[in-house]
Amino acid sequence: MFNGAGTSPNDVTAVETILDSLRLSYSTINSSELNRMGRARMMKYRLLIMPGGDFIDIGKSLDTVTATNVRYAVQHGLNYLGICAGAFLAGHLARYNCFNLTSGVTFGFYSAESKGIRKAALAITSLGAPTLDQYWEDGPQLSGWGAVVAKYPDGTPAVAEGKCGSGFVLLTGFHAEAPEGWRGGMVFKTPADVDHAYTAMLIQATLQGVSLSHY
């Protein structure tokens with residue numbers, strides 16, 4: 001799991017808590033370590049998790065050749081889970097360093113951003129599953145790429161999955177891993193542990209490269 005410059009330390013910890021609950025063996029890697037890692041070593045891993053934070057600063061902390069190496073590794077079998085900033089980075093960012101795992105598709109912010117809303121409890125719908133209130137903060141909507149796994153209240157994709165070469169890519173625009181402490185001032189009908197179970201499901205699906213139910 002990436003924990004380098006630009007990531008949110010609190011989100012890294014939140015994702016680590018889920019990984020620990022699953023008893024999965026994992027390593028963390030910072031910006032300089034990822035910059036030094038070659039393609040062959042990247043491809044020894046099964047999954048790269050890119051958590052939330054500032055996607056511009058994350059991109060700046062990585063060399064352009066590192067972004068190319070990540071894309072190559074995913075194309076050759078490394079699975080990728082992008083959460084919020086990690087989802088932005090998976091797309092194509094014309095002005096910023098990115099991984100472009102989406103064949104040129106660029107993601108914009110979810111519509112709440114244009115209304116001046118920076119964080120909210122959003123009702124996320126999935127095919128054949130209960131609606132879950134999830135924590136969203138400055139996250140993307142994922143139109144134009146992959147299969148839609150879950151939707152925001154306005155109907156745009158909140159979770160999408162697809163292939164990049166041989167690699168399985170799963171992207172989410174919200175933070176299902178958000179701990180209880182992030183929920184202050186907002187009303188959630190869904191308990192935090194239920195949302196955490198959703199994160200665990202996303203991690204397991206991406207690790208195994210298993211397609212989820214989609215629209």
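Structural data are supplied above this passage.
All values derive from a computational prediction rather than experimental measurement.

Okay, helix 5 (residues 64–75) next. Working note: α-helix, 3.6 residues per turn, so residues spaced by three or four point in the same direction. In this model, helix 5 (12 residues) spans 17 Å end to end at C-alpha, consistent with the 16 Å of a helix rising 1.5 Å per residue. Inspection of helix 5 places T66, A67, N69, V70, A73 and V74 among the buried residues, and these make up the whole buried set. Axial view of helix 5: buried residues confined to an arc of 160°, hence all on one face. Looking at the buried positions of helix 5, the neighbouring elements they touch are helix 2 (31–36), helix 3 (39–42), strand 1 (47–50), strand 2 (79–83), strand 8 (157–164) and strand 9 (167–172). Note on helix 5: the residue one or two positions beyond its end, G77, has a positive phi of about 120°.

A few words on the pattern of salt bridges. Counted by the stated rule, this structure contains three salt bridges. Between E113 and R118 there is a salt bridge whose closest N-O contact spans 3.5 Å. For R118, a relative accessible area of 48% corresponds to the partly exposed category. Ionic pairing is found between R118 and D138, a salt bridge with its closest N-O pair at 2.6 Å. Here R118, found in the loop between strand 3 (108–109) and strand 4 (119–126), pairs with D138, found in the loop between strand 5 (129–137) and strand 6 (140–141); they are 20 residues apart in sequence, far enough to count as distant. What emerges from the salt-bridge pattern is a single network uniting E113, R118 and D138.

We now examine unusual backbone geometry. Phi at N100 is positive, roughly 45°, even though this residue is not glycine. Among the structural elements, N100 can be located in the loop between helix 6 (85–90) and strand 3. Although it is not a glycine, D138 adopts a positive phi angle of roughly 55°.

This part takes up the side chain of T102. You can see T102 is positioned in the loop between helix 6 and strand 3. Residues within four places of T102 in sequence aside, it is in contact with A90, G91, H92, F107 and W145.

Bringing empty space enclosed by the protein into the picture now. The final tally for this structure, using the stated rule, is one cavity of 30 Å³ or more. When its volume is computed, the largest cavity comes out at roughly 40 Å³. Lining the largest cavity are L81, I83, T172, A176, E177, T199 and L202. Elements with a contribution of two residues or more to the lining of the largest cavity: strand 2 and helix 7 (192–208). Residues of the lining of the largest cavity, tallied by class, amount to four nonpolar, two polar and one charged.

The rules behind the values
- Residues numbered from 1 in each chain as written.
- Predicted model: local features only at pLDDT ≥ 70, side-chain atom pairs only at ≥ 80, totals over all residues.
- Heavy atoms only, no water.
- Helix = DSSP H or I, 4+ residues; strand = E, 2+ residues; numbered from the N terminus.
- Expected span 1.5 Å × (residues − 1).
- Buried < 20%, exposed > 50% of the residue type's maximum accessible area, 1.4 Å probe, protein only.
- Arc of directions from axis to C-beta.
- Contact = heavy atoms within 4.5 Å.
- Salt bridge = Lys/Arg side-chain N within 4 Å of Asp/Glu carboxyl O.
- 1 Å grid on protein atoms, 1.4 Å probe; cavity = no way out; pocket = protein on both sides within 12 Å on 5 of 7 lines; lining within 4 Å.
- Points joined across faces, edges and corners; volume = space filled by probe spheres on them.
- Nonpolar A, V, L, I, M, F, W, Y, C, P; charged D, E, K, R; others polar.

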